[in-house]
Amino acid sequence: MASERTIPMKNNNTLALVAMVGGSLTCLAQVEVKLTGSTAFRSSLWAAIPNLYTGSGGSAPTVVDPQTGSALAGNAKTFSGTMPALYGTQTVVIKTSFSGSVEGIVNLVGAANPSGVTQPGYLNTDGTLDSNTAADAAMSDVFQDTTNYSNAAGFPSLDDDTVGVVTFGWYRGATADASTLVNVQPQLLNALFANGKINKSLFTGVAGDSAASVYLVGRNALSGTRLVTQADCFWGANSDASLYKLVGTAPTLDTAATPGFTSGSGVRTVLQNTTSTGPFVGYLSNNDGNAIATQRLNYNGVSFSKDAVKNGTYTLWSYQHVFFRPTITASKKVLFDGKTNPSNPVASNGLIKAIDSLLSGAAVTENNVALSQMNVERTGDGVPVTAK
């Protein structure tokens, strides 16, 4: 709304003029929405957002990317333009900055950041840094109750819309000694989470591999990818895990206060390294893993495909949620719910519908799945998958 100010009463014409000016300011006010959370879903979201501008009767948005080398590179973008069907002639700015599902929930419930963790900033439309980190909404790979920031733990319950299914995978490193790694399964992974490294022979069944180790690279404790992966193999979503990182060419135990990478790109970089003196395995969203798809391992003996997810034979997946700050304004909520059918956002004309349309498509680089395509379901993270 336009800011209010006291104006001495003159006459009816003056009052009419004030009303017109105030109304014009309201119509032209910029709508700004800040969105954080899941890095696993960022590529899907970034692909859906432009369609929301153009599908709403507007033109393709202006997109601001951080410079290479910036702390935000690969995890932040800002979009601006008009969405006539939703906001008329108002400029709509969507600022996105992602650093993990749980970190997004921490942001929305107002919890203190864990040791060594800071909330990410955003980009203004001119490319400068917006250091106000308070988000309006957060994408999440996990239910709020899966995290340590649930209502049972004393935090406010967040409104939640489920927008799709996000898939994950295990990947081997690019070194020659990793090429014989084919499959992972929960018992093997539990040993790996406990120790950060295990004998290679446990992967290969070859006695001669018993002198070599396989090392685990992964995400920090605020990552939904980590929580989903650990929950699905019964390690415990929030349980501690030993992780290794690459220092030069040497696999080295990560002893940071919050060990692990804030983004899947960090894990992928380790897995792409060809000079490591020991083989790595790690977990990624399958969209983050597109660049190393040939290094994807079978999970419980099943190779990843969207059909395997839809029909229940591949279980390393979760629902993608969007959580909302309790004080989000009705104007900002329109961006997500749309206007044509806001009580059923997936059938409306907002961002949730744009995401569903994207996931329902046939893009070969899109490894996430629309809810309407699933023939199976689950009631929580890592719980059994059952037929609908």
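Residues numbered from 1 in each chain as written. Predicted model: local features only at pLDDT ≥ 70, side-chain atom pairs only at ≥ 80, totals over all residues. Heavy atoms only, no water.

Would you explain the layout of surface pockets in this entry?
Any space left empty among the atoms is revealed by the rolling of a water-sized probe across them. The calculated volume of the largest pocket comes to roughly 390 Å³. Taken together, 20 residues form the lining of the largest pocket, with Ala71, Asn75, Ser99, Thr118 and Thr262 sitting closest to its centre. Among the residues forming the lining of the largest pocket, the class breakdown is seven nonpolar, 12 polar and one charged. (1 Å grid on protein atoms, 1.4 Å probe; cavity = no way out; pocket = protein on both sides within 12 Å on 5 of 7 lines; lining within 4 Å. Points joined across faces, edges and corners; volume = space filled by probe spheres on them. Nonpolar A, V, L, I, M, F, W, Y, C, P; charged D, E, K, R; others polar.)

Is there a simple way to explain unusual backbone geometry in this structure?
Most peptide bonds take the trans form, and the phi angle of most residues other than glycine is negative. One non-glycine residue, Phe234, lies in positive phi territory at about 70 degrees. Along the chain, the position of Phe234 falls in the loop between α7 (224–232) and β12 (244–247). Residue Phe234 is classed as exposed on the basis of its relative accessible area, which comes to 61%. The backbone of Asn300 sits at a positive phi, close to 55 degrees, despite the residue not being glycine. By the element assignment, Asn300 lies in the loop between β15 (298–299) and α9 (306–311). (Helix = DSSP H or I, 4+ residues; strand = E, 2+ residues; numbered from the N terminus. Buried < 20%, exposed > 50% of the residue type's maximum accessible area, 1.4 Å probe, protein only.)

Please explain the pattern of salt bridges as it appears in this structure.
Overall, the coordinates contain eight salt bridges when judged by the stated rule. Between Asp288 and Arg42 there is a salt bridge, and its shortest N-O distance comes to 3.5 Å. Of this pair, Asp288 sits in the loop between β14 (280–285) and β15 while Arg42 sits in helix α2 (residues 42–55), placing them 246 residues apart in sequence. As far as burial versus exposure is concerned, Asp288 and Arg42 are alike and both buried. Residues joined by salt bridges that share partners form a network here, namely Glu32, Lys34, Lys95 and Asp130. (Salt bridge = Lys/Arg side-chain N within 4 Å of Asp/Glu carboxyl O.)

Looking at this structure, I do not really get the pairing of strand β16 (residues 317–324). What am I missing?
As a general feature of sheets, a regular strand has side chains that alternate between the two faces. Burial analysis of β16 places eight of its eight residues in the buried class, which makes it a mostly covered element. Relative to β16, strand β8 (residues 159–172) runs antiparallel, the two being bridged by eight bridges. Across the sheet, Thr162 pairs through a bridge with His321, a residue of β16. (Pairing = 2+ DSSP bridges.)

Help me understand the side chain of Ser101 in this model?
With respect to the secondary-structure elements, Ser101 resides in helix α4 (residues 101–109). Within the local environment of Ser101, its side chain forms a polar contact with the backbone nitrogen of Asp141, the two atoms lying 2.9 Å apart. Other than its neighbours up to four places away in sequence, Ser101 contacts Gly37, Ser38, Met139, Ser140, Asp141, Val142, Leu222, Ser223 and Gly224. (Polar contact = N/O pair within 3.5 Å; in protein donor to acceptor, adjacent residues only side chain to side chain. Contact = heavy atoms within 4.5 Å.)

Would you explain helix α8 (residues 264–272) in this entry?
Counting along an α-helix, one turn takes 3.6 residues, and residues three or four places apart therefore face a common direction. All buried positions along α8 are accounted for by Gly264, Gly266, Val267, Arg268, Val270 and Leu271. On its buried face, α8 is in contact with β8, β11 (213–217), β12 and β14.

Looking at this structure, how should I read the sheet that holds β14?
Two pairing modes exist for strands in a sheet, parallel and antiparallel, and in both the strands are linked by backbone hydrogen bonds. Strands sit in the order β2-β3-β4-β1-β7-β16-β8-β14-β11-β10 across an open sheet of 10 strands; the sheet is mixed. Pairing within the sheet leaves two strands with one partner each, and these edge strands are β2 (62–64) and β10 (197–199). For this sheet the average axis-to-axis angle between neighbouring strands, irrespective of direction, equals 20 degrees. Bridge count for strand β7 (residues 137–140) against β16 is four bridges, and the pairing is antiparallel. (Axes fitted to C-alpha atoms, helices over the stretch in contact; angles between N-to-C directions.)

Which parts of the structure should I look at to understand the packing of aromatic side chains?
The geometry of an aromatic ring pair is captured by the separation of the ring centres together with the interplanar angle, meaning the angle of the planes. Taken as a whole and assessed by the stated rule, the structure comprises 12 aromatic pairs. Residues Trp170 and Tyr283 carry aromatic rings whose centres are separated by 5.4 Å and whose planes lie at 75 degrees to one another, so their mutual orientation is edge-to-face. Residue Trp170 is found in strand β8, and its partner Tyr283 is found in strand β14; the two are separated by 113 residues along the sequence. An identical accessibility class is assigned to Trp170 and Tyr283; each is buried. Members of the aromatic cluster, each reached through a chain of ring pairs, are Trp170, Phe193, Trp235 and Tyr283. Above the ring of Phe324, the side-chain terminus of Lys333 is found at 4.3 Å from the ring centroid. (Phe/Tyr/Trp six-rings, centres within 6.5 Å; stacked < 30°, edge-to-face > 60°. Lys NZ or Arg CZ within 6 Å of the ring centre and 35° of its normal.)

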